[in-house]
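# Summary of structural features
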Amino acid sequence: MKDLPENFDERRLVHALPRFGIDPVAVEHAPVGFGDHHWTVTGADGRRWFATVSDLEHKEHCGKGAQAALAGLRRAMDTAAALREDEALDFVVAPVRATDGATVLPLDGRYALSVFPLVAGRSGEFGQELPAEQREQVLDLLAELHGSAPPSTVPAIAPAPPGHGRLAAVLSEPPAGWRGGPFADPARRLLTGNAAALRARIAEFDRLAEEVGGRGTEPVVTHGEPHPGNLLFGAEGCLLVDWDTVGLAPPERDLSVLSTDPAALTRYTERTGHVPDPAALALYTLRWELADAAELLGRLSAPHARTPGIETVWREFVGVIGRLANPELRP
């Protein structure tokens, strides 16, 4: 995120770093990414790290309490660590463990810290189309990930996207007004103005979920968001970062991020023997957008001020509502 965490004292981060064996001499906020907050850290030994402070109120488990959010984040980070340590998946940029073995340390009741090695490489942006060579690298990587043994910590991904029920309820009974901040009422008006189309997308999702659920496809370990913004291309090849959404699901959960056309995924079929299901690709594309809509709506309807970060949230919300209301605009 571009913004610093709300009501967060950076000294908590600095004081926690020695628990990861890091004696920090330089800690600098990095206004990158979306959702979490990041710092680059230089240790006294010259090694560099990437520290991520997660706002538990904004995780997928939001609504079930901070402790549930923390438990979910720990399972995800423990899974990423196990994939690298036990399955020898070198493309997994996994969190380092604290001296007690933990991958996540709570800093207070709202924020939690994970630390990663700072890896050099070129990343892209969400929505960017990868060149053919890089797309094949990612498909090879996903084939290897999906063929790995699931760690005991890996969560199962529910078919319904996070916030699905809340989004449907808001569309069924739109509130008269929101007073959370400058973007609250514009968000409400955007929703109500597109309510019929959005309800149709939810009905489409429910139909696809029933159809795909009847296939009985064996779930695999999926990353969840293998888009260009979470890829690093460098001397070590193609690496995957940001494992917060790792979980057991049909392979199309990952493949749909690259393409909804099975013909564009033939390299994956050659590597695994699995022919992507068009209905499942459509399902997970729609699931992503509905999850985004619900998460962004939660931020805009909550108390907020006008900041660069919330302005980014508003722009993303306008975009996702536009794509949901006008399916022909989907890439």
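What you see is a predicted model, and the numbers here were worked out from it, not measured in a lab.

### What to know about the overall build of the protein
Across its full length, the protein holds 10 helices and 9 strands. Dimensions of the protein, computed from the C-alpha atoms along their principal axes, are close to 60 × 55 × 35 Å. A buried classification covers 47% of the 331 residues belonging to the protein. Once local pairs closer than 6 in sequence are excluded, the contacts in the protein between residues at least 24 apart make up 69%.

### With respect to the packing of aromatic side chains
For the structure shown, the criterion picks out 4 aromatic pairs. A ring pair is formed by F8 and Y111, whose centres lie 5.1 Å apart and whose planes are at 65°; its orientation type is edge-to-face. Of this pair, F8 sits in the segment before α1 (10-16) while Y111 sits in strand β5 (residues 111-117), placing them 103 residues apart in sequence. For F8, a relative accessible area of 14% gives the class buried. Look at W314 and F317: their rings are 6.4 Å apart centre to centre, the planes differ by 35°, and that puts the pair in the tilted class. Residue W314 and its partner F317 are both found in helix α10 (residues 308-325); the two are separated by 3 residues, about one turn of the helix. For F317, a relative accessible area of 0% corresponds to the buried category. Members of the aromatic cluster, each reached through a chain of ring pairs, are F8, W39 and Y111.

### Overview of unusual backbone geometry
For N7, which is not a glycine, the phi torsion comes out positive at approximately 55°. Relative to the assigned elements, N7 resides in the segment before α1. Although it is not a glycine, A88 sits at a positive phi angle of roughly 55°. Secondary-structure assignment places A88 in the loop between α2 (66-85) and β4 (105-106). Of the residues examined, A88 reaches a relative accessible area of 48% and is grouped as partly exposed.

### Side note on the sheet that holds strand β1 (residues 24-30)
Strands sit in the order β1-β2-β3-β5-β4 across an open sheet of 5 strands; the sheet is antiparallel. Only two strands of the sheet have a single partner each, and these edge strands are β1 and β4. Here α2 sits on the sheet and contacts β3 (48-55), β4 and β5; the angle it forms with β5, its principal contact strand, is near 10°.

### Points about the side chain of H227
In this fold, H227 is placed in the loop between β6 (220-222) and β7 (231-234). According to the relative accessible area criterion, H227 is buried, its value standing at 11%. A polar contact of 3.0 Å, which involves the side chain of H227, links it to the backbone nitrogen of G229. In this structure, H227 is in contact with F126, V257 and W288, ignoring residues within four places of it in sequence.

### Topic: helix α3 (residues 132-146)
The α-helix advances 3.6 residues per turn, and as a result positions three or four apart in sequence lie on the same side. Between the first and last C-alpha of α3 there are 21 Å, a value that for 15 residues agrees with the 21 Å anticipated at 1.5 Å per step. On the buried face of α3, the contacting elements are α2, β6, β7, β8 (237-240), α7 (252-258) and α8 (266-272).

### Some remarks on the side chain of D140
The topology assignment puts D140 in helix α3. Within polar-contact distance, the side chain of D140 engages the side chain of R271 at 3.0 Å.

Cut-off values and rules
Residues numbered from 1 in each chain as written. Predicted model: local features only at pLDDT ≥ 70, side-chain atom pairs only at ≥ 80, totals over all residues. Heavy atoms only, no water. Helix = DSSP H or I, 4+ residues; strand = E, 2+ residues; numbered from the N terminus. Buried < 20%, exposed > 50% of the residue type's maximum accessible area, 1.4 Å probe, protein only. Contact = heavy atoms within 4.5 Å. Phe/Tyr/Trp six-rings, centres within 6.5 Å; stacked < 30°, edge-to-face > 60°. Pairing = 2+ DSSP bridges. Axes fitted to C-alpha atoms, helices over the stretch in contact; angles between N-to-C directions. Polar contact = N/O pair within 3.5 Å; in protein donor to acceptor, adjacent residues only side chain to side chain. Expected span 1.5 Å × (residues − 1).

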